[in-house]
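For reference, the chains in residue letters:
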Amino acid sequence: MRTPSEQNFSVDLAAAQVLIVDDELSVRKLLATLLAQAGVGCSAASSPDQALRMLEKTSFAAVISDLRMGPTSGFELLREVRANYPRLAFLMATGVDDVRVGVQAMKLGADDYLLKPFDIDVVLLSLQRALERKQLEREVENYRRHLEEIVSHRTQQLQVAITELEHSHSATLEALGSAIDLRDGPTAGHSRRVLFYSVTIAKKVGGMEGQLKTLGMGAWLHDIGKLAIPDNILLKPGALNQQERQIMQRHVELGYDLVKGIPFLADAAEVILAHHERYNGSGYPRGLRGDRIPMCARIFAVADSFDAMTSDRPYRSALPALTARTEIDASRGKLFDPEIVDAFFAVGEDAWRRMNAGAQTASIHTFVRGNGLAQGSASALTSHVSHLRPLQKVGD
């Protein structure tokens, strides 16, 4: 598509219909005769009011108007034409050889001005230029609209592609989460709960809007490395010995290696790798301390510990929520970032119960879709599931 500046414009004056406006009959007849001899069709009006009535009924390409016409001036007609017929060429005619009059007319929107007595060559040249200018303006407007249509269409295509990609991502995450649940049956539902818990804590911390999606996906897949852990260790009902514990601890690195090469999970992989680091440096696999632990991993650590303590495990039954909260508070500054612990306690106990219940049927799709996490999915959950009965094992 060629831009308007690349096109050659040539206006056929014979196809243009011109409206002459002048309160002097002799002037109207003279100009009409001159234009007719040049092959330009025209009509005439004796006043601005008559001209406006004619413009309502007939399509004109240009107006040639006198400046002084009794009680109504050509300037007033110009204002009306520009307000209601912006694509109409307008030439102002005056017998006053004063550049200031022409400048004023141009400021008000006239395309050019003519001096009386008329020189037909000058009139035709001015009319030609004015009509070409208006044609160029129409072409520019059409070009702009066409570009807007193209942009709108491409934007819609992009949005469809993004939506399809998000559905593909969410389907992949759902499948991976289901695989984790099938592999580690006793902790089924854990990933869904810690996802909501982590996001809720992050929102209390504040300033995490840009990281909520990463945090949510990292929480969802934090145990994916357990798919590579032998059953006799993963599902062992008793305590693990030192060798078994070392094998179990490898799940964070195994999980990191599994997802780090997937572009949309690259950031979440860091949460998977660091989710067992501890604030005092006693965690694994790298023994990170304090702020060197990624913020998302510090948040997840609190959410993960709370759910682990309040859920049944092969080696013990669920602890009361009050006991779990006491343990987390006691580990402030040791295992957990004090700021994160404060955010954890800023969430009411009822909210934890509602999230626990609602997470059982929640879909990861709402967290992957665009800025779903940043738009408050966690808080929406707590309000939408208020009618559900809380799980007894989370209560005190």
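Residues numbered from 1 in each chain as written. Predicted model: local features only at pLDDT ≥ 70, side-chain atom pairs only at ≥ 80, totals over all residues. Heavy atoms only, no water.

### Details of the overall build of the protein
Put simply, the rule is: Labels follow the DSSP assignment, with helices taken as runs of H or I lasting at least four residues and strands as runs of E lasting at least two, numbered in each case from the N terminus. Per-residue accessibility, obtained with a 1.4 Å probe over protein chains only, is compared with the maximum for each type, and a residue is labelled buried under 20%, exposed over 50%, and partly exposed between these values. Accessible surface area values rest on a Shrake-Rupley calculation with a 1.4 Å probe, where residue burial reflects the displayed protein chains alone.
Scanning the protein for helices and strands turns up 17 helices and seven strands. In the protein, buried positions account for 44% of the 396 residues. Just so you have it, the protein exposes about 19,600 Å², and 52% of that area is on carbon and sulfur atoms.

### Description of the sheet that holds strand β7 (residues 112-115)
Note the following rule: Here a strand pair is declared whenever DSSP counts at least two bridges between the two strands. Axis definition: a line fit to C-alpha positions, over the contact stretch in the case of helices; interaxial angles, taken between N-to-C directions, run 0 to 180 degrees.
Strand order in this open sheet of five strands is β2-β1-β3-β6-β7, and the pairing throughout is parallel. Looking along the sheet, the strands with just one partner apiece sit at the ends: β2 (41-45) and β7. On average, each strand axis in the sheet is inclined to that of its neighbour by 20 degrees, with strand direction left out of account. Where strand β1 (residues 17-21) meets β2, five bridges bridge the pair, whose relative direction is parallel.

### Brief notes about the nonpolar core
We apply this condition: Take the buried residues of types Ala, Val, Leu, Ile, Met, Phe, Trp, Tyr and Cys, join any two whose side-chain atoms come within 4.5 Å, and each joined set is a nonpolar core.
In terms of nonpolar packing, the biggest core is built from 44 residues, with I201, I299, F306, I328 and W352 touching the most fellow members. Secondary structure elements with two or more residues in this core: α5 (120-183), α6 (190-205), α7 (212-220), α11 (266-274), α12 (295-309), α13 (321-330), α14 (338-345) and α15 (349-358). Of all hydrophobic cores here, the second largest spans 22 residues; its members include V27, A62, A89 and A130.

### Observations regarding the pattern of salt bridges
Put simply, the test is: Salt-bridge detection follows one rule: a side-chain nitrogen of Lys or Arg within 4 Å of a carboxyl oxygen of Asp or Glu.
Counted under the stated rule, the structure contains 19 salt bridges. Across the pair D337 and R298 runs a salt bridge whose closest N-O atoms are separated by 2.7 Å. Here the residue D337 occupies a position in the loop between α13 and α14, and R298 occupies one in helix α12, the gap between them amounting to 39 residues. Judged on exposure class, the residue D337 and its partner R298 are both buried. When salt bridges that share partners are traced, they join R82, D111, R133, K134 and E137 into one network.

### A word on the packing of helix α2 (residues 48-57) against helix α3 (residues 74-84)
Counted only if it meets this: For classification purposes, an angle smaller than 35 degrees is called roughly parallel, one larger than 145 roughly antiparallel, one from 65 to 115 roughly perpendicular, and anything else oblique. Crossings are assigned a handedness: left-handed for a near helix turned anticlockwise from the far helix by less than a right angle, right-handed for a clockwise turn. Any two residues whose heavy atoms approach within 4.5 Å are treated as being in contact. Residues are grouped as follows: Ala, Val, Leu, Ile, Met, Phe, Trp, Tyr, Cys and Pro are nonpolar; Asp, Glu, Lys and Arg are charged; every other residue, Gly included, is polar.
Between α2 and α3, the shortest axis-to-axis distance is 10 Å and the interhelical angle comes to 20 degrees. As far as their axial angle goes, α3 and α2 are roughly parallel. Note on packing geometry: the crossing formed by α2 with α3 is right-handed. The residues of α3 that touch α2, namely those facing P48, A51, L52 and L55, are L77, E80 and V81. Within the contact of α2 with α3, the residues separate by chemical class into six nonpolar, no polar and one charged.

### What about the environment of G238?
For G238, the location among the structural elements is in the loop between α8 (231-234) and α9 (242-249). Its relative accessible area of 30% is what places G238 among the partly exposed residues. The spatial distance from the C-alpha of G238 to the C-alpha of R316 is 8.6 Å, given a sequence separation of 78 residues.

### Some details on unusual backbone geometry
Note the cis peptide between K116 and P117, where omega equals -5 degrees. Positionally, P117 belongs in the loop between β7 and α5. Geometrically, the link from Y284 to P285 is a cis peptide bond, its omega value of 10 degrees lying close to zero. Residue position: P285 is located in the loop between α11 and α12.

### Let's talk about the packing of α12 against α14
Look at α12 against α14: their axes get within 10 Å of each other, and the N-to-C directions meet at 50 degrees. Here α12 lies oblique to α14, going by the angle between them. Handedness of the α12/α14 crossing: right-handed. Between α12 and α14, the contacting residues are M295, R298, I299, V302 and F306 on the first element and E339, I340 and F344 on the second. Tallied by class, residues from the contact of α12 with α14 come to six nonpolar, no polar and two charged.

### Concerning the side chain of R298
Where we set the bar: We call two N or O atoms a polar contact when they sit within 3.5 Å, provided that within protein one can donate a hydrogen and the other can accept it, with sequence-adjacent residues counted only if both atoms are side-chain atoms.
With a relative accessible area of 9%, R298 lands in the buried category. At 2.9 Å, the side chain of R298 forms a polar contact with the backbone oxygen of I293. In this view, R298 contacts Y279, G290, D291, I293, D337 and I340; residues no more than four positions away in its chain are not counted.

### Some remarks on α7
The buried fraction of α7 amounts to eight of the nine residues, a majority that puts the element mostly inside the structure. Of all the residues in α7, the buried ones are L212, T214, L215, G216, M217, G218, A219 and W220.

### Quick look at α14
Applied cut-off: Of all possible arcs, the one meant is that of the directions from the helix axis to the C-beta atoms.
Every buried residue of α14 is accounted for by I340, V341, A343 and F344. Seen from one end, α14 has its buried residues packed into an arc of 160 degrees, which puts them on one side.

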